[in-house]
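What follows is the residue order along each chain.
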Amino acid sequence: MRNATVPALGLAFLLWTIGSCAKAPEPVAEPAAEAPPAPPPAPAKFAVQPFHRSMSEGMRASYARADEILVGLVEGVVRDKTSGLTCYVSEFRRFDKTTLAWQPRQSSVMQVSADKLRPEIIRLGEFGQLIDLDKTGICWDLYEGVRNIYLVEGQENLLFLEHLTDESGEKLTRGLIDTYPATRECRAVDVFVLMVRDLVRAQ
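Treat the numbers as computed from the prediction; the structure is a model and nothing was measured.

(A) Spatial organisation of the state of the cysteines. The final tally for this structure, using the stated rule, is 1 disulfide. Across the disulfide, Cys-139 is cross-linked to Cys-186 (sulfur-sulfur distance 2.0 Å). Between Cys-139 and Cys-186 the disulfide shows an S-S torsion of about -90°. By sign, it is left-handed. One end of the pair, Cys-139, is in the loop between α3 (124–133) and β6 (141–143); the other, Cys-186, is in the loop between β10 (172–181) and α4 (188–202), and 47 residues separate them in sequence. Like Cys-139, the residue Cys-186 is buried in the burial classification.

Rendered as C-alpha cells:
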C-alpha cells in the first residue's frame, strides 16, 4: 500500500509543479485608435456669400479628384505648340490631405498644364478693371449651366491638380483640374478651409 502511494504522490507533485509554472496568457492590448487630424482653423470675420456656397460645392468635387492642392502666385500663362496652355506658379504652398494642414511656402516655380481645362486667362493689366466691374464673376461664373473657369495672372490662385505620366510611366506632369482666384473678393482659400471643415464634421 505504501509503495503504491509514493508514485501517486510523485505524479500529483509533478502536475502541481507544471500547473504552477505555466502562466496564463497575458491579454494583448489593442493599439489605441489614432485621433483624426484637426482641420485648419476657421477664417476670422468671413461672411459667406451665395457664390461662396457654389464655390464650396465645386471644391468638394475637385478635392476628391485632386492628387495635389496648392495656392500660389500665377506668374504667367503661355501657349506652346508642344505642351499647349501652360501656367507657371511660384511662391506656393501645398495642402496635405492626410494631416489637413498647409505646408510651408516654397519659392520654386512649378509648371502646370492647363490645356485640358482651358480656363479664361485674365492678364495682369486687365485685373483691376475687371474686378471693379464684376467682383463675383471670376469667383464662380455659371452661365446657362456651364461654369466659366478663370486663371488670374499676378494673383494667387487655388489650384487642384492631377498627376499625369507618359506612356512609359516615367515623365510626371501636373494637369489643372480646377482653379479659383484667391483674391480679396473671392476668398478662395477661406472657402476651401470651410469646405474641409465641413468634410471632417460629416465623417
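(B) How the structure looks around the packing of aromatic side chains. Enumeration over the complete set of coordinates arrives at 8 aromatic pairs. Ring geometry for Trp-140 and Tyr-180: centres 6.3 Å apart, planes at 10°, overall stacked. Of this pair, Trp-140 sits in the loop between α3 and β6 while Tyr-180 sits in strand β10, and the two are 40 residues apart along the sequence. The buried category is assigned to Tyr-180, whose relative accessible area is 0%. Members of the aromatic cluster, connected to one another through ring pairs, are Tyr-63, Phe-95, Trp-102, Trp-140, Phe-160, Tyr-180 and Phe-192.

Cut-offs applied
Residues numbered from 1 in each chain as written. Predicted model: local features only at pLDDT ≥ 70, side-chain atom pairs only at ≥ 80, totals over all residues. Heavy atoms only, no water. Disulfide = S-S within 2.5 Å. Helix = DSSP H or I, 4+ residues; strand = E, 2+ residues; numbered from the N terminus. Buried < 20%, exposed > 50% of the residue type's maximum accessible area, 1.4 Å probe, protein only. Phe/Tyr/Trp six-rings, centres within 6.5 Å; stacked < 30°, edge-to-face > 60°.

Just distances and angles here, no functional claims.
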